[in-house]
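# Observations on the model geometry
The primary structure of each chain is shown beneath.
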Amino acid sequence: MNYEFKGTPGPWMVKTEEAELEGREFSRFDISDTHEDDRTPICSGYGNLSDLFASKEQSSANAHLIAAAPDLLQLAITYLADLQNIEPESDARNNRISQ
């Protein structure tokens, strides 16, 4: 089976902007690819804007996890390809176990 990532190629980066709204501090996280000449936005998120959103720390961790998606996917694809190349256990080992 051929596994291929069809999304925006990595690496992706996180840009953080601190701001204040009605006396409450919050963070905005923008995730985009790292191509300097033409950045592709991936997603945005907010932290600590209201009780509906995660804390700034949680939002930052989430943003970095999302930004790692291309690398994590490539690792999974490589792992699956390696698993497909593993040969079945040898007959000698199977015979030894069954005795």
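Check the entry above for the structure.
Residues numbered from 1 in each chain as written. Predicted model: local features only at pLDDT ≥ 70, side-chain atom pairs only at ≥ 80, totals over all residues. Heavy atoms only, no water.

When helices and strands are counted, the protein chain shows three helices and three strands. Overall, the protein chain shows an N-to-C arrangement of helices and strands of β-β-β-α-α-α. Here the protein chain, with 99 residues, has 13% of them falling under the buried criterion. Across the protein chain, the fraction of contacts at a sequence separation of at least 24, relative to all contacts at a separation of at least 6, is 36%. For the protein chain, the accessible surface area stands at approximately 7700 Å², while carbon and sulfur atoms represent 53% of it. (Helix = DSSP H or I, 4+ residues; strand = E, 2+ residues; numbered from the N terminus. Buried < 20%, exposed > 50% of the residue type's maximum accessible area, 1.4 Å probe, protein only. Contact = heavy atoms within 4.5 Å. Areas by Shrake-Rupley, 256 points an atom, 1.4 Å probe, with all protein chains shown as cover.)

For the rest of this paragraph, the subject is the pairing of strand β2 (residues 24–33). In this sheet, β2 lies alongside strand β1 (residues 12–21) in antiparallel orientation, the contact comprising ten bridges. Paired with T16 across the two strands is F29, which belongs to β2. The antiparallel hairpin formed by β1 and β2 contains two residues in its connecting segment, where E22 sits at a positive phi of about 50 degrees. Across six bridges, β2 lies against strand β3 (residues 41–47) in antiparallel orientation. Along β3, the bridge assignment pairs D30 with S44. (Pairing = 2+ DSSP bridges.)

Under the defined criterion, the tally for this structure stands at one salt bridge. Between D30 and R28 there is a salt bridge, with the nearest N and O atoms lying 2.9 Å from each other. Taking the relative accessible area as the measure of exposure, R28 reaches 27% and is therefore partly exposed. (Salt bridge = Lys/Arg side-chain N within 4 Å of Asp/Glu carboxyl O.)

It is worth spelling out the environment of D71 at this point. Structurally, the position occupied by D71 is in helix α2 (residues 69–84). Look at D71 and you get exposed, because its relative accessible area is 54%. Through-space distance from the C-alpha of D71 to that of P11 is 7.4 Å; in sequence the pair is 60 residues apart.

The next point concerns a nonpolar patch on the surface. On the surface, a nonpolar cluster with roughly 400 Å² of combined accessible area is contributed by Y79, L80, L83 and I86. Checked against the element boundaries, L80 lands in helix α2. (Patch = residues over 30% accessible without salt bridge, like charges linked within 9 Å, V, L, I, M, F, W, Y side chains within 5 Å.)

Attention now goes to the nonpolar core. Nonpolar side chains in soluble globular proteins tend to be buried together. W12, F29, I31, A63 and A67 form the largest nonpolar core, which has five residues in total. Excluding residues that lie within four positions of it along the chain, A63 makes contacts with V14, F29 and I31. (Core = buried A, V, L, I, M, F, W, Y, C linked by side-chain atoms within 4.5 Å.)

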